[in-house]
Amino acid sequence: MSQLKKIPATVITGFLGAGKTTLIRHMLENAGGKRIALIINEFGDLGIDRQIVNGCGIEGCDEDDVVELANGCICCTVADDFLPVMEALVERDTPPDHIVIETSGLALPKPLIRAFNWPEIKTRVTVDGVVAVVDGPALAAGQFASNIAAVQAQRQADESLDHDNPLEEVFTDQLLAADMVLLNKADVIGEDESARLIAELSEKLRPGVHVVATSHGDIGVDVLLGLDAGAEDDLAARPSHHDHHDDDHDDDDHHHDHDHDDFDSFIVKVPVQQDPAALEARLIEIVEAHNVLRIKGFVEVAGKPMRHVVQGVGTRFTRYFDRAWGEGEDRQGRLVVIGQAGIDHAAIANALAEDAQESAA
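Please read all numbers here as calculations on a predicted model, not as lab measurements. (Residues numbered from 1 in each chain as written. Predicted model: local features only at pLDDT ≥ 70, side-chain atom pairs only at ≥ 80, totals over all residues. Heavy atoms only, no water.)

Engineer: Just to check I follow, could you spell out the overall build of the protein for this structure?
Structural biologist: Counting secondary structure elements, the protein contains 13 helices and 12 strands. Each of the 361 residues in the protein was classed as buried or not, and the buried ones make up 52%. For the protein, the share of sequence-separated contacts (at least 6 apart) that also reach a separation of at least 24 residues comes to 79%. (Helix = DSSP H or I, 4+ residues; strand = E, 2+ residues; numbered from the N terminus. Buried < 20%, exposed > 50% of the residue type's maximum accessible area, 1.4 Å probe, protein only. Contact = heavy atoms within 4.5 Å.)

Here is the structure:
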């Protein structure tokens, strides 16, 4: 009975650009009157995901219901950032019916799940379920190999590599912590490829965890919410590459060493665009030249009264006008660029500056 009194929380995890924000927008738009509070853990210095959610005009989604944690990976800032936010939510005069937590692509889910056992929130909130969102086209292209042992063997045979790729470990940890896995963008890869990937993913998952093919995050809210997993009481069944780090720090500051220094993010200011398609073409060139993982942000398009959203994963980009500019709103275009450590900030900024000059000419 005590479990029924707790506020359920759903953790949405997944690698960069898998479609977590699209999934959450769909969830909020189809909440059916359920009061949902959203915690966003943004990787980077600009709260793009929060602005996308706030800007979509979802009925019943008040700005106060969206909380952003932008001070680093959520699994490393549990005590400083996450717990105070959770306490504030549950202490509201009208607490939310459900809490949804969107982690950054780099976050390890297990330390976050463990945080629900902290005394401050243990009796008030429970992890209803962990949902891992997987980028179907990326997986189909081999960006994440299904055979971890084969990857490790190949790594050991290559003398030029002296450390593990953290992307592989983070991806695997997210799958192993999941209560449900969404193979997103299934419309892009087709039914046959989706079936193949679902079979491969299923072999890696805990017993009873299902893989569901989705397109644009379109899945029933009643399927996502109400899993009743109680994940914080089931940690031993959710193995992790980083369990030894967690065990070493269970009683201290919850520091977790998982190679955040291998990633870098920065903001590039973008002038008014005459042709968004030309900007996309230039961004694809930049991605290919500098091995950029992710680009997301907003730009102003000349003569258009609406804000233009730009989101890219690798060389795959989506663009759309999401809402009208507000009166007196700062229309300065900004893009967050995320890549491996050592990414050339100046070269990318200069490439976009050259593109702006050519567009103006």
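Engineer: Got a minute to help me understand the pattern of salt bridges in this structure?
Structural biologist: Oppositely charged side chains may form a pair once their charged atoms are brought near each other. Throughout the structure, instances matching the rule amount to 16 salt bridges. Two residues, D179 and R206, come together in a salt bridge whose shortest N-O distance is 3.3 Å. On the criterion of sequence distance, the pair formed by D179 in the loop between α8 (166–177) and β6 (180–184) and R206 in the loop between α9 (186–204) and β7 (210–213) is long-range, its members being 27 residues apart. Given the relative accessible area of 16%, D179 is considered buried. Here E285 ties to R282 by a salt bridge, and the two come within 2.7 Å at their closest N and O atoms. Of this pair, E285 and R282 are both found in helix α12 (residues 276–290), three residues apart, which corresponds to roughly one turn of the helix. Each of D179, R206, D234 and R238 takes part in salt bridges that share partners, so that together they form one network. (Salt bridge = Lys/Arg side-chain N within 4 Å of Asp/Glu carboxyl O.)

Engineer: What is the right way to look at α12 in this model?
Structural biologist: One full turn of an α-helix is made of 3.6 residues, so residues set three or four places apart face in the same direction. Its 15 residues give α12 an end-to-end C-alpha distance of 21 Å, which sits within 8% of 21 Å, the value for a rise of 1.5 Å per residue. For α12, the full list of buried residues reads P276, L279, L283, I286 and V287. Projected down its long axis, α12 shows its buried positions confined to an angular sector of 100 degrees, all on one face. Opposite the packed face of α12, turned more than 90 degrees from it, sit the exposed residues E288 and A289. At the N-terminal end of α12, a side-chain oxygen is found 3.1 Å from the backbone nitrogen of A277, two or three residues along, and the residue is D275. N291 lies just past α12 and shows a positive phi near 55 degrees. (Expected span 1.5 Å × (residues − 1). Arc of directions from axis to C-beta. Polar contact = N/O pair within 3.5 Å; in protein donor to acceptor, adjacent residues only side chain to side chain.)

Engineer: Is there a simple way to think about the environment of G303 in this case?
Structural biologist: In this structure, G303 sits in the loop between β9 (292–300) and β10 (306–313). In this structure, the C-alpha to C-alpha distance between G303 and Q273, residues 30 residues apart in sequence, is 9.5 Å.

Engineer: What is the right way to look at the nonpolar core in this model?
Structural biologist: The tendency in soluble globular proteins is for nonpolar side chains to be buried as a group. I39, F82, M86, I99, I101 and F116 are the most contacted members of the largest nonpolar core, which totals 25 residues. Taken together, the elements giving at least two residues each to this core come down to β1 (7–14), β2 (36–41), α4 (78–90), β4 (98–102), α5 (109–115) and β5 (125–135). With six residues, the top contributor of residues to this core is α4. Residues A31, L182, I219 and V221 belong to the second largest nonpolar core, which totals 19 residues. (Core = buried A, V, L, I, M, F, W, Y, C linked by side-chain atoms within 4.5 Å.)

Engineer: Where do I start with the packing of aromatic side chains in this structure?
Structural biologist: Each aromatic ring pair is described using two quantities: the centre-to-centre distance and the angle formed by the ring planes. Taken as a whole and assessed by the stated rule, the structure comprises zero aromatic pairs. Here the guanidinium or amino end of R307 rests over the ring plane of F298, the centre of that ring lying 3.9 Å away. (Phe/Tyr/Trp six-rings, centres within 6.5 Å; stacked < 30°, edge-to-face > 60°. Lys NZ or Arg CZ within 6 Å of the ring centre and 35° of its normal.)

Engineer: Can you walk me through the environment of A199 in this structure?
Structural biologist: In this fold, A199 is placed in helix α9. What makes A199 partly exposed here is its relative accessible area of 44%.

Engineer: Help me out: how do you make sense of the pairing of β2 in this one?
Structural biologist: Consecutive side chains along a regular strand alternate between the two faces of the sheet. For β2, the buried fraction is high: six of the six residues fall into the buried class. Residues I36, L38 and I40 of β2 are buried on one face, and the alternating residues A37, I39 and N41, pointing to the opposite face, are buried as well. Pairing analysis gives five bridges linking β2 to β4, with the strands arranged parallel. Residue I40 lies in a different strand from β4, and its bridge partner there is E102. (Pairing = 2+ DSSP bridges.)

Engineer: I tried to follow the pairing of β5 on my own but got confused; where do I start?
Structural biologist: The buried fraction of β5 is high, at 11 of 11 residues. The pairing of β1 with β5 spans eight bridges and is classified as parallel. Following the sheet pairing, T13 is matched in β5 by A132. With five bridges connecting them, β5 and β6 associate as parallel partners. Residue V134 lies in a different strand from β6, and its bridge partner there is L183.

Engineer: Is there a simple way to think about the side chain of K6 in this case?
Structural biologist: Looking at the secondary structure, you find K6 in the loop between α1 (2–5) and β1. We note that K6 is buried and unpaired, the nearest opposite charge coming from E232 at a distance of 4.2 Å. Among the polar contacts listed, one links the side chain of K6 to the backbone oxygen of K122, at a separation of 3.1 Å. With residues up to four places along the chain from it excluded, the contact list for K6 reads K122, T123, R124, V125, T126 and E232. (Lys, Arg positive; Asp, Glu negative; His and termini not counted.)

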